[in-house]
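An overview of the molecular structure
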Amino acid sequence: MPESASAISAPDAGEVRRVGDGASLRSLLGPLLFMGPATVLVVVFFFVPVVIVLAISLTDMSTATGFGSWKWVQFENYRKIVSHPNTGQVLGNTIKYVALTLSLFNVGMALVIALLTTHVPRRAGFLFRSLWLLPRLTPSVVYIMMWRYVAADAPYGILNRHLLGPLGIQPTNWLPAQPWLFVVLTNGFIGASFGMVIFTSAIESIHRDYMIAALVDGCSLWQRVRYVILPLIRWPLLFVTTYQTLSLLTSFEQILLLTDGQFGTEVWSLWAYHRALSNYWGNFQWGFGAALAAVLVLIGIVMALVYMRYFQFNQLIQEPKIEAL
Amino acid sequence: MDDRLGMGGRWRVLILLVALGVLTIPIVVGYVWIVISTFSQRTYGLVPVDALGQPGGLTLRNWSFLWADPNIWRVSLNSLVLAVGLTIGVVLVSSLAGYALSRISFPGRRIFLGTTLVLHAFPSVTLLIAIYFVLRWITRIPGLGRGIPIIGGFGYNTLGGVILVMLALQLPLGIWLMKGFFDHISWDIERAALIDGCSRLRTWWQIVLPQIKPGIAALSIFSFISGWNEFLIPYTYITDQQKSTIAAYLNSLLGDTAPVNYSQVAAVGLFQLIPVIIFFIFTQEYLLSIFAGGTKGGA
């Protein structure tokens, strides 16, 4: 990134500041014009929804009650979550989904790809990183369609035909047979690119002196990774881990498309979505769904504030360059 | 010439490349299949076969949906409207707000910046249920909710409503990126313009925006691809097939109860993939950097 701007210091505010009522009115009108559209959108689609989701979670609103005859039920929906027979399984599924995808792909594979692509010729490394970005760019429906075909039963499926068939393994449709494998793979191959990009830039910004010192000391590749690179990128590692935990916890689009929660793959966010907005019976339980979503919203707010605090995002808030005019 | 340290010998590089290649196979295989499949009667694995299951059977018939299926052009047009509308909206609103946050001192600036950051980390997908209610309310606002040409309005079950929701959810990223770009350009010319009596708005439009064209290009590409690809939000908030997008349409083809004819569906999939691949080939550098900062929600 260019650094020209940061080298120039801000103008002396007092020198050029205009004083007077007309000027101060104009100085408020300007920001209003610039900030107005963004403010309205953020309020309408972030702040109001947070209030709505919390409010509706305290009602019994559903297709049965309509928008007219619902009533406040206090924490009834939350009590229902605790006592619901599916809660245990969905919670288990969610933990399984997040833990496996995070460790194997969003952090694990991301780190492996970042390390490998920074230790091969630059052009090759770039090519492979680009390829790993492809799943994220691909329309999710098309992407999931590809995976369904990979898993499909003989004679169509790619896995059966080209890998398991030659090994003599009985063909089947692997999606219902091993649903978790495909949930983790589909999400993982998308999720790995986030960490990959961050780890790569972290590895590439490690000072050359450390690498030279390690080479002079006769470090092997593995020792260099273990004792030089990993300790130096622990901060990005922690960031990716926490950030992706939250992303995975709330994401359900791929699971919706792949299994729609069948074969025991219903996770918390998908459960909320199913209950409130999309189920086969057409009975939308907005109150209960909102309570399920509210749990995630609260986790999201807390974790977002934690990032702000601990990853020192505050330091990014620098003073504006031209504030005097 | 590559001057990377500790590259090691030729053999080690080769081993690392092979390892990378093996790990990348699952990604590549899907794209190889989709291309082969669209030009075959059917495929066994990656092998094109004819109706009898013998290798061969190459055909262009799978692409007949382009003229035989009247829905495809309507849903493609809807997706295009969504992508273009989203791009214009995100770039305009983000660059306005980003400029103000970078250049103007006003009350509440720090609060707004902090909020933008927190929202950037916040998983907006959890708000889908609540936004459903917001959209239903907007529907009832006269002149805004429905009845607008092309986008249909900004309420529930309209393309405009979907654009508005996606626009709002992308704003934290957009504003943050734009502010970054504004922060990194010199303000000498701009200051001269302001001192000469040029208004803030005109300065923004004529002096500053032309200087951040690469930033605008990057954000535009990101927004366009997001809009073109988006499945979940149109799927959730649009119930009429007339107004649905190509992603939702493709999903309905896959979900039909009849056994899926993969080759025909794959052709529709490849059709949706084409613009993305074009962007991918020509703008990889942009995409690598922006999707790292821009990833939200999806895994």
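Calculation rules
Residues numbered from 1 in each chain as written. Chains lettered and ligands numbered in written order. Predicted model: local features only at pLDDT ≥ 70, side-chain atom pairs only at ≥ 80, totals over all residues. Domains from an automatic or database assignment. Contact = placed C-beta atoms within 7 Å. Nonpolar A, V, L, I, M, F, W, Y, C, P; charged D, E, K, R; others polar. Core = buried A, V, L, I, M, F, W, Y, C linked by C-beta atoms within 7 Å. Buried ≥ 20, exposed ≤ 12 C-beta atoms within 10 Å, placed from the backbone. Helix = DSSP H or I, 4+ residues; strand = E, 2+ residues; numbered from the N terminus. Axes fitted to C-alpha atoms, helices over the stretch in contact; angles between N-to-C directions. Parallel < 35°, antiparallel > 145°, perpendicular 65-115°, else oblique. Left-handed = near helix turned anticlockwise from the far one by under 90°.

Residues and elements named next belong to chain A. Domain boundaries in chain A define domain 1 (15-86 + 283-325) and domain 2 (89-265). For domain 1 versus domain 2, the distance between C-alpha centres works out to 32 Å. Each partner contributes residues to the interface: domain 1 has 7 residues there, and domain 2 has 8 residues. Its residues placed into classes, the side of domain 1 that touches domain 2 shows 5 nonpolar, 2 polar and no charged.

This part is about the nonpolar core. Residues Val53 and Ala110 of chain A together with Ile129, Val165 and Leu167 of chain B are the most contacted members of the largest nonpolar core, which totals 170 residues. In terms of residues, this core owes the most to one element, helix α6 (residues 159-183) of chain B, which gives 17 residues. Not counting residues up to four positions away in its chain, the partners in contact with Val53 of chain A are Ala290, Ala293, Ala294 and Val297 of chain A together with Leu127, Ile129 and Ala130 of chain B.

This brings us to the domain arrangement of chain B. Here the domain parsing of chain B yields domain 1 (10-59) and domain 2 (69-259 + 276-294). A separation of 35 Å is found between the C-alpha centroids of domain 1 of chain B and domain 2 of chain B.

Residue and element names in this part refer to chain A. Taken N-terminus to C-terminus, the directions of helix α6 (residues 122-137) and helix α10 (residues 179-204) make an angle of 140°; their axes are 7 Å apart at the nearest point. For the element pair α6 / α10, the angle class is oblique. Crossing geometry of α6 relative to α10 is assigned as left-handed. Where α6 abuts α10, its residues Arg129, Trp132, Leu133, Pro135 and Arg136 lie against Phe189, Ile190, Ala192, Ser193, Met196 and Thr200. Considered class by class, the residues forming the contact of α6 with α10 number 7 nonpolar, 2 polar and 2 charged.

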